[in-house]
Amino acid sequence: MTPRGWALLALAGLTVALVVLAALLIPWHRPPAPRADQLAALGDLPAEQVAKGREFRAALRPGGYAALAVGLLIALALGLTPLGSRLVELVGRPFGGHWVAQAVLGGLAVMLVADLVTLPFAAWRQSVLTRYGLSTNGWSGWAVDLLKSYAVSAVIGAVALFGFYAVIRLAPRWWWAFGAAGAAVLVVLLSFVLPVLVEPVFNRFTPMEQGPLRTELMSMAARDGVPVRDVLVADASRRTRAVNAYVSGLGPTRRVVVYDTLLREATPAEVTAVVAHELGHAKDSDVAVGTLTGALGAAAAVVALYLLGSWGPLLRLAGVDSVAQPAAFPLLVALVTVAGLVAAPVQALMSRRVEARADAHALALTNDPESFESMQRRLGSVNLGDPDPPRWEYLYSASHPSTVERMAAARAYAREAGR
Ligand SMILES: [Zn+2]
């Protein structure tokens, strides 16, 4: 069998593995959040809060979708015309067109162009956040964060680009197999390492101070049988008023992180409800499952790019001879961008199902649907969410159930528990 035949087989195998994993590990059954309860919850929210959330979301929308559209257009313009390959060659020219310069500097240049073109939309978004009082870090803080995130992606991008094109040179016929394995390993590594290495670049973390809340959270985690090493507080208030909490890392690096804004805004019972939700993620190994599906997806993407990349018309559009040359990187970016936009609603759906399961876990663990519901109200109000967003937007991009869905889930739980 030819390398191409093996690649087809590998892609089929990876696709089957992904579908089976998703079928088995994503809680597809619909969580109990009846629409009648949702509408009742919506009616109970202060009209002013609903109006403000909707106004804020509407203010963000034009810039958000324009950024998506412009990002797609620039990716297509660089990848499906010779413009991108010329840019890569141009950047490599001072170095005699050496492949390392083309691969690393050329690749980073392509990424930088995409970042710069969407920069005005990012700035515009920041101005909306500031106008609505959600952002607290000012323009200089925003610029510093932006430069930090450029630096982080440049370092990761340079390593990945060098590794990818080095493998292609070392194994010209089988690079897709090594590339797929490498991409999968990179996803796993980033999931382990990123929280530990990158989060401190943006936030300072301190262990939550001793007291009744910390004691309650640690004993709840123990009761839940979830090994959580620590509860950390992030100094998120430096840049935002938004409240949040999350679980990050796997195994020994796993910790629950609570924004300091959450501690300031919410009652201890509400903080407990949020942490119970995060414990649900830990208990169901949502990070591990997400990492595994991400790794398989990345491997499948590399194989698919290899197969698509032998298609003549595509190569002619990009003005390259082979997908294996660094000048074809913009073509790969274009294909990945399109794939990302197509995959977004599927990812959002899986994320919402997983989030609904963590909500159900929180309700069962705390048996306190009142605090859970008041926390959802508070989350929605502080983060200026639309409690019942437009259906199309919800289906395309919502990573969490809506505020009214989550309130309705709490009401359904309370009813079932006979409270
Ligand atoms: Zn969650």
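Residues numbered from 1 in each chain as written. Predicted model: local features only at pLDDT ≥ 70, side-chain atom pairs only at ≥ 80, totals over all residues. Heavy atoms only, no water.

Naming follows an unreviewed UniProt entry, where the protein appears as M48 family metallopeptidase of Micromonospora parva.

(A) Main features of the coordination of the zinc ion. Protein coordination at the zinc ion comes from His277 (NE2), His281 (NE2) and Glu355 (OE), with a distance range of 2.0 Å. We note that the donor set of the zinc ion lies within a single chain, spaced as H-x3-H-x73-E. Taken as a pair, His277 in helix α10 (residues 268-283) and Glu355 in helix α13 (residues 329-366) lie far apart in primary sequence, 78 residues in all. Just as His277 is buried, Glu355 falls in that class too. (Donors = N, O, S within 2.8 Å, 3.2 Å for Na, K, Ca; no water. Helix = DSSP H or I, 4+ residues; strand = E, 2+ residues; numbered from the N terminus. Buried < 20%, exposed > 50% of the residue type's maximum accessible area, 1.4 Å probe, protein only.)

(B) Focus on the sheet that holds strand β4 (residues 255-259). Strand order in the open sheet made by the four strands is β1-β2-β4-β3, with mixed pairing throughout. Strand pairing shows two members of the sheet lacking a second neighbour, β1 (205-207) and β3 (245-248), which therefore form its edges. Strand-to-strand twist across the sheet, computed as the mean angle between neighbouring axes with direction ignored, equals 30°. Sheet analysis places strand β2 (residues 231-234) next to β4, joined by four bridges and oriented parallel. Within the sheet, the bridge partner assigned to Leu232 lies in β4 and is Val257. (Pairing = 2+ DSSP bridges. Axes fitted to C-alpha atoms, helices over the stretch in contact; angles between N-to-C directions.)

(C) Structural detail: a nonpolar patch on the surface. Among the surface-exposed residues, Val188, Leu189, Phe192, Val193, Val196 and Leu197 lie close enough to one another that they form a single nonpolar patch of about 480 Å² accessible area. Summarising the element assignment, Leu197 is placed in helix α7 (residues 175-202). (Patch = residues over 30% accessible without salt bridge, like charges linked within 9 Å, V, L, I, M, F, W, Y side chains within 5 Å. Areas by Shrake-Rupley, 256 points an atom, 1.4 Å probe, with all protein chains shown as cover. Salt bridge = Lys/Arg side-chain N within 4 Å of Asp/Glu carboxyl O.)

(D) Molecular detail of the pattern of salt bridges. Tallied over the full model, the rule gives 15 salt bridges. Residue Asp260 pairs with Arg264 through a salt bridge whose shortest N-O separation is 3.6 Å. Pair noted here: Asp260 and Arg264 are both in helix α9 (residues 260-265), with a separation of four residues, about one helical turn. In this structure Arg264 comes out as exposed when scored by relative accessible area, which is 62%.

(E) Spotlight on the packing of aromatic side chains. All told, the structure shown has nine aromatic pairs when counted by the stated rule. Aromatic side chains Phe164 and Tyr165 sit 5.0 Å apart centroid to centroid with 80° between the ring planes, which places their arrangement in the edge-to-face category. Taking the relative accessible area as the measure of exposure, Tyr165 reaches 2% and is therefore buried. Both rings, one in Trp176 and one in Tyr306, keep their centres 5.6 Å apart while their planes meet at 25°; by these two values the pair is stacked. On the criterion of sequence distance, the pair formed by Trp176 in helix α7 and Tyr306 in helix α11 (residues 286-308) is long-range, its members being 130 residues apart. Each member of the aromatic cluster is reached from another via a ring pair, and the members are Phe164, Tyr165, Trp174, Trp175, Trp176 and Tyr306. Here the basic side chain of Arg352 rests over the ring of Tyr394, its NZ or CZ set 4.4 Å away from the ring centre. (Phe/Tyr/Trp six-rings, centres within 6.5 Å; stacked < 30°, edge-to-face > 60°. Lys NZ or Arg CZ within 6 Å of the ring centre and 35° of its normal.)

(F) Expanded view of the side chain of Thr291. Mapped onto the elements of the fold, Thr291 is located in helix α11. Assessed through its relative accessible area of 9%, Thr291 is described here as buried.

(G) Here's a closer look at the UniProt feature "transmembrane region" (unreviewed entry) in the protein. UniProt records the feature "transmembrane region" (unreviewed entry) for residues 6-26, 64-83, 103-124, 145-168, 174-198, 287-308 and 328-349 in the present numbering. From the first C-alpha to the last, residues 64-83 spans 26 Å; its make-up is 90% helix and 0% strand. A distance of 33 Å separates the end C-alpha atoms of residues 174-198, which is 96% helix and 0% strand. (UniProt positions renumbered as here; feature names shortened; annotations may be inferred.)

(H) Main features of the packing of helix α8 (residues 212-224) against α10. Contact pair α8 / α10: the axes reach a minimum separation of 10 Å and the direction vectors enclose 30°. Put simply, α8 runs roughly parallel to α10. Pair α8 / α10 crosses with right-handed handedness. Side by side, α8 and α10 meet where Leu213, Glu216, Leu217, Met220, Ala221 and Asp224 of the first sit next to Pro268, Val271, Thr272, Val275, Ala276, Leu279 and Lys283 of the second. For the contact of α8 with α10, the residue count by class is nine nonpolar, one polar and three charged. (Parallel < 35°, antiparallel > 145°, perpendicular 65-115°, else oblique. Left-handed = near helix turned anticlockwise from the far one by under 90°. Contact = heavy atoms within 4.5 Å. Nonpolar A, V, L, I, M, F, W, Y, C, P; charged D, E, K, R; others polar.)

(I) The confidence of the model for the protein, seen in detail. Within the protein, residue pLDDT values average 90, and 98% of them lie at 70 or more. Within the protein, the lowest mean pLDDT, 79, falls on β3, and the highest, 95, falls on helix α4 (residues 82-92). (pLDDT = per-residue confidence, 0-100.)

(J) Region of the structure containing the environment of Arg4. Structurally, the position occupied by Arg4 is in helix α1 (residues 3-25). For Arg4, a relative accessible area of 39% corresponds to the partly exposed category. Taking the C-alpha atoms as reference points, Arg4 and Ser402, separated by 398 residues in sequence, lie 45 Å from one another. Once residues within four sequence positions are removed from consideration, Arg4 is found in contact with Tyr306, Leu307 and Ser310.

(K) Molecular detail of the nonpolar core. With 40 residues, the main nonpolar core has Tyr165, Trp175 and Val303 as its most contacted residues. Breaking this core down by element, the ones donating at least two residues are α1, α3 (47-79), α5 (99-131), α6 (138-170), α7, α11, α12 (312-318) and α13. It is α11 that contributes the most residues to this core, ten residues altogether. Apart from residues no more than four positions distant in its own chain, Val303 is found in contact with Ala7, Leu11, Leu14, Trp176 and Ala180. By size, the runner-up hydrophobic cluster in this structure holds 37 residues, among which are Val233, Ala234, Tyr259 and Ala362. (Core = buried A, V, L, I, M, F, W, Y, C linked by side-chain atoms within 4.5 Å.)

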